[in-house]
Amino acid sequence: MPLTLDEVREQDRQDPLAPFRSRFALPQGTIYLDGNSLGAQPSAAVGAVDGLMAQWRDSLIQGWNQGWFDAPERLGDRLAPLLGAAPGEVLVTDTITHNIFKLLGYIVEGQGITEGQERARPVILSEGGNFPTDGYIAQGFCRFGGFEHRVVPEGEALDTYLDARVAAVVLSQVHYRTGRLRDMAAITRQVHASGAEVIWDLAHSAGALPVDLTACGVRYAVGCSYKYLNGGPGAPAFLYVRHDCQGQAWQPLSGWLGHAAPFAFEADYDPAPGISRFRTGTHSPLAFAALEASLTLWQEVDLGQLRRKSQRLIELFRESLSDCLGEHGISDITPEEAQRGSQVGLVEREHGYAIVQALIARGVIGDYREPGLMRFGFAPLYLSHEDVWRAAQHLREVLAEGEYLALRFQQRGAVT
Ligand SMILES: Cc1ncc(COP(=O)(O)O)c(C=O)c1O
């Protein structure tokens, strides 16, 4: 039985996370269901970026000794509790794309090769249907590193592909299209038992649900900060290497800031100890300032409450629509509770894109991924139950009135 507006308002009154909403700047009249692509702006980020600009103006190059230089490690430590990681295990740096490449190189270098012998483990596995950059970078890595790239077709079990020739596997904890949440602990055990390593992509789990890398036995992971973590457009990504796996090898993007003594300007590369060797070149303190403001806010978040609210919002949205999707040829591909991240996926192959555009025109922002997938992300820090209830009503009206058939909703922008 769908809830009434009074009932959802009561849920908002009882919501322990409700006070966070006032700490985000969202445009009036917007219901933002795209925090799984680009998170909303924490109000504190504006002051932080302004402060950074003033520091640049006043301190000039001395800013590097006033907190800019060590920001990748400092923010990594801020992020660590959200990932179930310890201080010194997370570095905020580069993009997911770069970080997967670095970790692949680090892993295979650590596995070693004896002079004049064939590599015992020449295969890198990635999963079909994953976010493309994970597969693309595995392909590039294999092409230039003399490895063989193999793909586990979407929906097939890893077992068949995980043989003694596999060096590393790249997998997502939460799938970007379906929102399916994997059993990270069980799969990590399985991969390690085969003698391979796994790099987990946490793009759709960090800040979306409690992640416990330590408890899951994870050794290597990457993720981004611009989605659920609200770091801002193009905010730096992060990389995780468990303490006991650090210091074993070079990473392949052996840039000067990953050197043990970057300002010694030595001729030869000498990797820094600890997580710092995964640094590459100069980062942007501006981007770090915005992210630091967001991570400061995130220190106050109870991840158990976050998870419970995320799941309640998803159920509210789905229940409010359950009686009308079928008649419009829309299928709900959202996995059931224990097996999902924080998004809803609705598929309508012919009109999915236009339906999302019609919703955006009404101030309800979701996004679209080919083929036919309408994605709605649920970020519990700035979404109320009333927002979600209203978003579902808008979608009902867009469908009932055939609003999406208007010509203006058929035209595509570069970013969907
Ligand atoms: C699962 C996943 N991996 C990687 C990326 C992109 O990574 P980046 O642009 O930071 O390299 C995305 C972006 O949406 C993603 O969803």
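Definitions and limits used
- Residues numbered from 1 in each chain as written.
- Predicted model: local features only at pLDDT ≥ 70, side-chain atom pairs only at ≥ 80, totals over all residues.
- Heavy atoms only, no water.
- Axes fitted to C-alpha atoms, helices over the stretch in contact; angles between N-to-C directions.
- Helix = DSSP H or I, 4+ residues; strand = E, 2+ residues; numbered from the N terminus.
- Parallel < 35°, antiparallel > 145°, perpendicular 65-115°, else oblique.
- Left-handed = near helix turned anticlockwise from the far one by under 90°.
- Contact = heavy atoms within 4.5 Å.
- Nonpolar A, V, L, I, M, F, W, Y, C, P; charged D, E, K, R; others polar.
- Buried < 20%, exposed > 50% of the residue type's maximum accessible area, 1.4 Å probe, protein only.
- Pairing = 2+ DSSP bridges.
- Phe/Tyr/Trp six-rings, centres within 6.5 Å; stacked < 30°, edge-to-face > 60°.
- Near = heavy atom within 4 Å.
- Polar contact = N/O pair within 3.5 Å; in protein donor to acceptor, adjacent residues only side chain to side chain.
- Areas by Shrake-Rupley, 256 points an atom, 1.4 Å probe, with all protein chains shown as cover.
- pLDDT = per-residue confidence, 0-100.
- UniProt positions renumbered as here; feature names shortened; annotations may be inferred.

### Structural notes on the packing of helix 9 (residues 352-361) against helix 10 (residues 385-400)
Okay, so step 1: At a closest axis distance of 10 Å, the pairing of helix 9 and helix 10 adopts a crossing angle of 125°. Taken together, the axes of helix 9 and helix 10 are oblique relative to one another. As helix 9 packs across helix 10, the resulting crossing turns out to be right-handed. Mapping the contact onto sequence places Ile355, Ala358 and Leu359 in helix 9 and His394, Leu395, Val398 and Leu399 in helix 10.
Okay, so step 2: Split by residue class, the contact of helix 9 with helix 10 holds six nonpolar, one polar and no charged.

### A look at the pairing of strand 12 (residues 343-347)
Okay, so step 1: Strand 12 sits mainly inside the fold: five of its five residues count as buried.
Okay, so step 2: Burial along strand 12 is two-sided: the face carrying Gln343, Gly345 and Val347 and the face carrying Val344 and Leu346 are both buried.
Okay, so step 3: As defined by bridge partners, strand 11 (residues 331-332) adjoins strand 12 across two bridges and the pair is classed as antiparallel. Looking at the pairing, Asp332 lines up with Leu346 of strand 12.
Okay, so step 4: Pairing between strand 12 and strand 15 (residues 373-377): five bridges, direction antiparallel. Bridge pairing links Val344 to Phe376 in strand 15.

### Observations regarding the packing of aromatic side chains
Okay, so step 1: For the structure on display, the rule yields 16 aromatic pairs.
Okay, so step 2: Ring centres of Tyr106 and Tyr220 lie 6.2 Å apart, and the angle between their planes is 70°; this geometry places the pair in the edge-to-face category. Here the residue Tyr106 occupies a position in helix 4 (residues 96-111), and Tyr220 occupies one in strand 9 (residues 220-223), the gap between them amounting to 114 residues.
Okay, so step 3: What makes Tyr220 buried here is its relative accessible area of 3%.
Okay, so step 4: Ring geometry for Tyr106 and Phe278: centres 4.9 Å apart, planes at 70°, overall edge-to-face.

### Quick look at the site of the ligand
Okay, so step 1: Taken together, 13 residues surround the ligand, and among them Ile96, Thr97, Asp201, His204 and Lys227 come closest.
Okay, so step 2: In the environment of the ligand, an oxygen atom lies 3.1 Å from a nitrogen or oxygen atom belonging to the backbone of Ile96.
Okay, so step 3: For the ligand, an oxygen atom lies 3.3 Å from a polar atom in the side chain of Tyr226.
Okay, so step 4: Alone, the ligand offers 400 Å² of accessible surface; in the complex the protein occludes 86% of this.
Okay, so step 5: Breaking the shell around the ligand down by element, the ones donating at least two residues are helix 4 and helix 5 (132-145).
Okay, so step 6: For the shell around the ligand, the class distribution of residues is five nonpolar, five polar and three charged.

### Describing the confidence of the model for the protein
Okay, so step 1: Considering every residue of the protein, the mean pLDDT works out to 96; 99% of them sit at 70 or more.
Okay, so step 2: Ranking the elements of the protein by mean pLDDT puts strand 14 (residues 367-369) last with 93 and strand 4 (residues 90-92) first with 99.

### Points about the UniProt feature "binding site: pyridoxal 5'-phosphate" (unreviewed entry) in the protein
Okay, so step 1: Look at the UniProt record and you will see "binding site: pyridoxal 5'-phosphate" (unreviewed entry) annotated at Ile96, Thr97, Phe131, Pro132, Thr133, Asp134, Asp201, His204, Tyr226, Trp256 and Thr282. These annotated residues cover 187 residues of sequence, and their C-alpha atoms reach 30.7 Å apart at the extremes, leaving them scattered rather than at a single site.
Okay, so step 2: Mapped onto the elements of the fold, Pro132 is located in helix 5.
Okay, so step 3: Pro132 sits in the partly exposed class, given a relative accessible area of 30%.
Okay, so step 4: Residue placement: Trp256 occurs in the loop between strand 10 (238-241) and helix 7 (285-298).
Okay, so step 5: Relative accessible area serves as the criterion here: at 39%, Trp256 is assigned to the partly exposed category.

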